[in-house]
Amino acid sequence: GDVDNCPTISNPDQLDTNVDGVGDLCTINHCVSNSTELQQVLTAAKSNNMFDVIMIEQGIYRISENNNNSFTFDSSEAYGLSIKGGYLNGCSERVLSPDNTILDGEAYLKRVLKINIKVYPAKEFTGDIIIEGITVKRGGDGGIYAYIYVPDYKVDVVLNRNILSNNNISGYGSGGCGGGAYLKVVFNGDIIFDGNIISGNTSLSGGGGILADSANKGDVILSNNFIDMNSNSNNQGGVVYINGYNKNCKAVLFNNMIIRNAHTGNGAYNYGGGLSIQTDNITLTNNTITGNVANQPGGGIVLSAYSSGVYDIFNNIIWGNSASSGGDIYIYNSNSVIKNIYNNNFYPSKVAGNPFTNQANNVN
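It should be emphasised that the depicted structure is a prediction, and the values quoted were computed from it without experimental measurement.

Draft legend 1. Summary view of a nonpolar patch on the surface. A contiguous nonpolar patch, built from Ile197, Phe226 and Met257 and spanning about 220 Å² of accessible area, is present on the exposed surface. The residue phenylalanine 226 is located in strand 20 (residues 226-228) in this model. For phenylalanine 226, a relative accessible area of 31% translates into the label partly exposed.

Below, the structure is given as structure tokens:
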């Protein structure tokens, strides 16, 4: 006598064939094989009151084949979206490797992929935003842009096993931020990057590689990413820029390689050659941060707090970075933060700003 539906609270009897947490009754699967189909599905998905799973067959999807416009999802309905690459044979098979499914911006002055969700007044929201197994490259105004405005309900943005490469922001659209990806969750939701390659992207402002902006509640999690040869030419924030506007936001980074990135501007806020994090609670574990450069403080990493919290920095290699001060580490505006620094490799003379609270077993 049970009825399949689409509740936010899981129904144990509800069919969920692909185990994505969204019931089959409110999920629709699409298989696309060219640029026209991709945009047609994105357009249909914004108003069909379903959770849409877009399966992209292997190939190259060019902006020029979409009237020189971004691939765009602009929605006010209370459902998420999943975009996944690597499919074959009418989407009956899949090889998950991002280099086989490419969204190519062809250097047009556009973001390659734009996702804009605004649900107001608040409605029960079903599903998350998931991008998996695609390459996004050569965006003339950046790679991926996602803006999520959903009051009261948690919506995560997940980028898993993608390549973001050679995207360039040449103007100040989106504030000139986030060359590879600019992700902003206004109310409640985590921003998650896992297993991505982020390489050769540039921006005019915060985040040459990525900018993750958690404005209210939610964590920012980066794991197992390779971030290389990105650059940021002006204004605040490093090549990876994480901004959590409230002390409930946690930035958690583990098993990342952040190497050979540069923040080349000369202004007062041009700090953080590799990584810039502005929030009160930060965990850095098992990361390698090396060969990054900033003209202002913090060649490797810059950490900055709004009020009070805890920084846990364990088992990282933060070495061979350079800046005007704090070549490896610069900790700014965090006197009230407990700073635990254990089992890392860094050069003590290349640390500047507020002193550590607790430290042991670090090596030079």
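Having seen the model, we can carry on.
Draft legend 2. Layout of the state of the cysteines. This model, assessed by the stated rule, comprises 1 disulfide. Disulfide pairing is shown between cysteine 31 and cysteine 91; the S-S distance is 2.0 Å. In this structure, the disulfide formed by cysteine 31 and cysteine 91 twists by about 80° around the S-S bond and is classed as right-handed. Here cysteine 31, found in strand 1 (residues 27-32), pairs with cysteine 91, found in the loop between strand 5 (79-88) and strand 6 (93-94); they are 60 residues apart in sequence, far enough to count as distant. As a non-bridged cysteine, cysteine 249 has cysteine 177 as the owner of its nearest cysteine sulfur, 16 Å distant. You can call cysteine 249 buried: its relative accessible area is 0%.

Draft legend 3. Structural view of the pattern of salt bridges. Summed over all chains, the structure comprises 6 salt bridges. For the salt bridge of arginine 62 with glutamate 65, the shortest nitrogen-to-oxygen distance reads 3.4 Å. You can call glutamate 65 partly exposed: its relative accessible area is 37%. In this structure, the salt-bridge partner of aspartate 156 is lysine 154, at a minimum N-O distance of 2.6 Å. The class of aspartate 156 is buried, set by a relative accessible area of 13%.

Draft legend 4. Examining the sheet that holds strand 8 (residues 113-118) more closely. In spatial order, the strands read 4-8-11-14-18-22-26-30-33-35; together these 10 strands make up an open sheet with parallel pairing. Here the strands that pair on one side only, and so sit at the sheet edges, are strand 4 (71-75) and strand 35 (351-353). For this sheet the average axis-to-axis angle between neighbouring strands, irrespective of direction, equals 5°. With 3 bridges joining them, strand 33 (residues 329-332) and strand 35 adopt parallel strand pairing. If you follow isoleucine 331 over to strand 35, its bridge partner there is glycine 353.

Draft legend 5. Spotlight on the pairing of strand 12 (residues 157-160). The two faces of strand 12 match: Val157 and Leu159 on one face and Val158 and Asn160 on the other face are all buried. Where strand 9 (residues 126-132) lies against strand 12, 4 bridges are found, and the strand directions are parallel. Bridged to isoleucine 129 within strand 12 is valine 157. Where strand 12 lies against strand 15 (residues 191-194), 4 bridges are found, and the strand directions are parallel. The partner of valine 158 across the bridge, within strand 15, is isoleucine 192.

Draft legend 6. Structural detail: the sheet that holds strand 10 (residues 135-137). Read across the open sheet, the 9 strands follow the order 3-7-10-13-16-20-24-28-32; overall the sheet is parallel. Strands at the two margins of the open sheet, each flanked by one partner only, are strand 3 (59-62) and strand 32 (317-319). This sheet shows a mean twist of 10° between the axes of neighbouring strands, independent of strand direction.

Draft legend 7. Representation of the packing of aromatic side chains within the structure. Per the stated rule, a full pass over the model turns up 8 aromatic pairs. Each ring, one from tyrosine 271 and one from tyrosine 332, has its centre 6.4 Å from the other, and the planes form 35°; the classification is tilted. Of this pair, tyrosine 271 sits in the loop between strand 25 (262-263) and strand 26 (275-278) while tyrosine 332 sits in strand 33, and the two are 61 residues apart along the sequence. Plain terms: the ring middles of phenylalanine 346 and phenylalanine 356 are 5.9 Å apart, the flat faces sit at 80° to each other, and that makes the pair edge-to-face. Note that phenylalanine 346 is positioned in the loop between strand 34 (338-342) and strand 35 and phenylalanine 356 in the loop between strand 35 and strand 36 (358-360), a separation of 10 residues in sequence. Accessibility assignment for this pair places phenylalanine 346 and phenylalanine 356 in one class, buried. Looking at lysine 118, its charged tip hangs above the ring of tyrosine 149, at a distance of 5.1 Å from the centre.

The rules we used
- Throughout, a residue's number is its position along its own chain's written sequence, starting from 1.
- Local features in this predicted model are restricted to residues whose pLDDT is 70 or higher, and side-chain atom pairs enter the listing and the counts only when it is 80 or higher, whereas totals over whole chains, interfaces and linings include all residues.
- Just so you know, side-chain values use all the structure's heavy atoms and leave hydrogens and water out.
- The patches reported here contain residues having more than 30% relative accessible area and no salt bridge. Joining distances are 9 Å for like charges and 5 Å for nonpolar side chains (Val, Leu, Ile, Met, Phe, Trp, Tyr).
- Methods summary: accessible areas were calculated by the Shrake-Rupley approach with a probe of 1.4 Å, and residue burial reflects only the protein chains presented.
- Think of a salt bridge as a Lys or Arg side-chain nitrogen and an Asp or Glu carboxyl oxygen that are within 4 Å of each other.
- The helix count covers DSSP runs of H or I at least four residues long, the strand count covers runs of E at least two residues long, and both are numbered beginning at the N terminus.
- Buried means the residue's accessible area, taken with a 1.4 Å probe over protein chains only, is under 20% of the maximum for its type, while exposed means over 50%, and partly exposed covers the values in between.
- In this description, the term disulfide denotes a pair of cysteine sulfurs within 2.5 Å.
- Whether two strands pair comes down to DSSP finding at least two bridges between them.
- Axis angles are defined between N-to-C directions and span 0 to 180 degrees, where every axis is a line fitted to C-alpha atoms and, for a helix, only to the segment in contact.
- Each Phe, Tyr or Trp ring, with Trp reduced to its six-membered ring, pairs with another whose centre is within 6.5 Å; inter-plane angles below 30 degrees give stacked pairs, above 60 give edge-to-face pairs, and intermediate values give tilted ones.
- A ring is scored as having a charge over it whenever the NZ atom of a lysine or the CZ atom of an arginine sits within 6 Å of its centre and within 35 degrees of its normal.

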